[in-house]
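# Topology and contacts: notes
Read off the chains here:
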Amino acid sequence: MGAGLMAMGALFSVPLQPRLSMRVTLTPTACLVCASVLPAPWVVVCAAVGVSVVRLLARPQRSFWLHKAVHNTSMAVVAAALAAGVIAGFGAGPVLGEPLLTAPSLSRHLLAFAVAAAVVVVFEELVTAAAVTLSTRRPFAAVLRGLWLTRLCVAMAEIVVAGLVTILAGLDMRVLVALPLVMLVLHLVLAYRLRVSEERRVWERLAALAGALTSRDLDVVVKTAAGGAVDMFCLRTADIVLADDRLVRASQQGGVTRVVYDGLATDAPEVADGQHAVSLVFGEADGGVLRLYLSGPRDRLSVREAAAARAFVATLSSSLDLAHAYGRLAAEARRHERAASHDEATGLLNRAGLLTHLRKGCGELCHAVVIRLDGHALLTDAVGRRHALDLLTTLADRLRQASRDMTCEVARIGDVTFALVIAGVTADVAYQRACWAVAALRRDVSVDGRRLIVRASAGMASGSPGESLVDAAERVLSRASRHGDERLVSYQTGPVRAWSLARELNSARMSISFEPIVDLASGRIVMMQATPRWLYSQHEVLRADEYVYQLLDSDDGSLETLARTVVQRSLAAVATWRDVLPNAALVVPIPANALTPPFAAGLPDLLRDHTPLGGRSLVLALAGPPDPHVREAAERVGQIGVRLLMDRFGSPHAGLESLNAMPWSYLRLHPAYALDAGWQPARSVIRAAADLATDLGLMVIAPGIRAEQERRELAEIGCALGSGPLLGGEMFPSQVRRHAMLWQPKALPGGAQIVQLHRAGRKAASGGS
């Protein structure tokens, strides 16, 4: 019976955790019972025989089974010897043929049993922990701490069962017959409880991992998942391979799980021999592979572990998708944040970034240098946009190199405008550094195999840091550019006067060109259109039209002053060709809001000084929507014979609502309705405008005529006058005389047959029909 109890104690074993070399056996129970009912020599013999038989019969198919069999048998024999020795040492050893628990006293028996139980349990724990430490290289203390509460509860249960059986055997030895059944029940209970505990541990660990994997950081997610897989499945190594060939490997070393490799999968070291991987694929585009390295080819994931692995992989896939999404959002946010403060083409600060730098503080005094590349639009047209962008990048690199040793910041604040902000130096030193920077830009640049010279000019201002300092430097640069200053850097000490467009235009030179307006039916030149232009700067010309006038304030009289200047210089330029076109009227464009009573009062004096024909020789083309108060002045100029022309009819500012605002004499169509533009509604708009103008007694002028067929078609629609390249185009005053002398009017074939359509749909004129 003793040998059978020891055999069953060794046979009934349950692993504490999968792939962990620690098992719970009922050997302590058998040892304590046998030591309580048998003499010490018989206990040792029974342990040796029973355990050896079980180990030999239950031989696993492993190469090292003999070592484990010898180790387990020896440990059982020593444990049995210790238990029997302790009980014998207390004088409570049993004697064959005598009743149990009779001598010397019950208390001594209980004390001896308790001490023997403690010795056996401690011995088995120490020996098992030492063996696991040697085989797994885990710290001895870590092995002892592993599942210590479970092991303690199992040991206490075995001691209690052994004690109860010993007491009952003292009453009746036949109780030992039922001990194998008790041990089987205890084994089944332990197996069930440990399995439930292990399942709970795995799912709790999976829940904890699911919470940890909600991080937005991809590195944290991958490394946490790799370490969590090692801990959850009691592995030595686990790999996670991502779609971008990145491999993260976690291993358990010294009882601690840590990431041992993070890099390319092709450069990863080989795993230890004897391990084979179970691969689980997860995700799609941003997915990867989870590799669980088991202890050997016979090691398999259980059904429970496979289910937990699938749940873990699903959680990992979702976490990686979330981390990738947040990573892309973070990258996009960083890109937008950088784009908000940096120029994408050159990598320099943009205007907003430069102003932010100034607001952060550059001391009480700093110097702003604004550099502009003149003629860059012409260069872009000549070499192409790609080469022009390469040129800008090269110049930006030169600015970086020139300012590398300075306490300054470089920025691109415009399409072809750069800025330097220099702090911590005097104005003289800053000026010298600015000159060196501009000189570096003016050196020739190789673009598409050609050596090009860049025209760069700069303006410098000093003062407290802020947006006003950069604006002041830009005003200095603009003033120098308009005055043709060729210095490297223009610098103005003291405050820089505020910029005024009206003041700049009044002081700028003006050029006047003319374009003939011809009677479409007869071909005679009946009017000349004046086109004034301001030479705004050395490299920029502004046409006097509504796009410039809208930037001026009509309340300060600047519009009236500019309009008077335009009319005066246009009338003065007429003297170059008046003798060859004595009856041609002059059309001068002015802003509508410039037609004020003071302007109307001064107009007779201008006409008296420049033309003997009086007001009938002048037509004012009004651009832009007129204000209601302009009508009084319009009626006043009409009294002296000056006629008014509604310019660019069909635009948003010159529509039907403007027809009753002034006493118009002419109506000129918007250039967008030219017939050669191919816009389908053009003919319908021209017909409607001609029909409406006929009812109101106005003459329609069609601009942009390029072919004789267009002239004929426009005349048939109802346009009386026209202009464009076919009829002469724009020319300088010195060219008007020669053009007028060489111009030979050519009437339309068949006479002036012009068909005018009225709103009622009837024909007003059908000459020859």
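Residues numbered from 1 in each chain as written. Predicted model: local features only at pLDDT ≥ 70, side-chain atom pairs only at ≥ 80, totals over all residues. Heavy atoms only, no water.

### Focus on the sheet that holds strand β5 (residues 256-264)
Using the following cut-off: For two strands to be treated as a pair, DSSP must find at least two bridges joining them. Per the convention used, a helix needs a DSSP run of H or I reaching at least four residues, while a strand needs a run of E reaching at least two, with both numbered from the N terminus. Where helices are involved, their axes are fitted lines through C-alpha atoms of the stretch in contact, as for all axes, and angles between N-to-C directions lie from 0 to 180°. Residue contacts are defined here by distance: any two heavy atoms, one from each residue, within 4.5 Å place the two residues in contact.
Spatial strand order, β5-β4-β3-β7-β6: 5 strands in an open sheet with antiparallel pairing. Looking at the sheet topology across the chains shown, the edges are occupied by β5 and β6 (276-282). If you compare each strand with its neighbour and ignore which way they point, the axes differ by 20° on average. In this sheet, strand β4 (residues 246-253) lies alongside strand β3 (residues 237-242) in antiparallel orientation, the contact comprising 5 bridges. Looking across to β4, one finds that D239 is bridged to R249. Where helix α9 (residues 218-232) meets the sheet, it contacts β3, β4, β5 and β7 (288-294), and its direction lies at approximately 40° from that of β4.

### As for the sheet that holds strand β9 (residues 408-412)
Strand order across the open sheet formed by 5 strands is β9-β10-β8-β13-β14, with mixed pairing between neighbours. Pairing within the sheet leaves two strands with one partner each, and these edge strands are β9 and β14 (489-491). Ignoring which end each strand starts from, the neighbouring axes of this sheet average 20° apart. Pairing between strand β13 (residues 455-463) and β14: 3 bridges, direction parallel. When the bridges of β14 are listed, A458 appears paired with V489. Running over the sheet, helix α14 (residues 427-442) touches β8 (366-374), β10 (417-423), β13 and β14 and is turned about 165° from β13.

### Let's talk about a nonpolar patch on the surface
Definition in use: Nonpolar side chains (Val, Leu, Ile, Met, Phe, Trp, Tyr) are joined into patches within 5 Å and like charges within 9 Å, using only residues with over 30% relative accessible area and no salt bridge. Here the Shrake-Rupley method, with its probe set to 1.4 Å, supplies the accessible areas, and only the displayed protein chains count as covering residues. In the sections that follow, a salt bridge refers to a side-chain nitrogen of Lys or Arg positioned within 4 Å of a carboxyl oxygen of Asp or Glu. The classification of residues rests on relative accessible area computed with a 1.4 Å probe and restricted to protein chains. Under 20% of the type maximum is buried, over 50% is exposed, and intermediate values are partly exposed.
Nonpolar side chains collect at one region of the surface, where W42, V45, V49, V53 and L57 lie side by side and expose about 500 Å² of accessible area between them. On the secondary structure map, V49 appears in helix α3 (residues 40-57). For V49, a relative accessible area of 44% translates into the label partly exposed.

### A few points about the pairing of β3
Burial of β3 is extensive: 6 of the 6 residues sit out of reach of the surface. Across the two faces of β3 the burial is the same, with T237, D239 and V241 and A238, I240 and L242 all buried. Linking two consecutive strands that pair antiparallel, namely β3 and β4, is a turn of 3 residues; a positive phi of about 65° is found at D245 within it. Across 6 bridges, the pairing between β3 and β7 is antiparallel. Within β7, the position partnered with D239 by the bridge is R291.

### Re unusual backbone geometry
A positive phi angle is found at D245, which is not glycine, with a value near 65°. Mapped onto the elements of the fold, D245 is located in the loop between β3 and β4. Judged by its relative accessible area of 32%, D245 falls in the partly exposed class. At R648, a position not held by glycine, the phi torsion is positive, near 60°. By secondary structure assignment, the location of R648 is in strand β20 (residues 643-649).

### Some remarks on the nonpolar core
Note the threshold: Buried Ala, Val, Leu, Ile, Met, Phe, Trp, Tyr and Cys residues that are joined via side-chain atoms within 4.5 Å together make up what is termed a nonpolar core.
Counting residues in hydrophobic clusters, the biggest one holds 79 residues, and the most contacted among them are F514, W534, V567, L595, L603 and L620. Top element by residues in this core is helix α18 (residues 558-573). It accounts for 7 residues. For V567, the residues in contact, after removing those within four places along its chain, are V588, I590, F599, L603, L606, L618 and L620. Within the second largest apolar cluster, 44 residues are counted, among which are C31, V161, V165 and L186.

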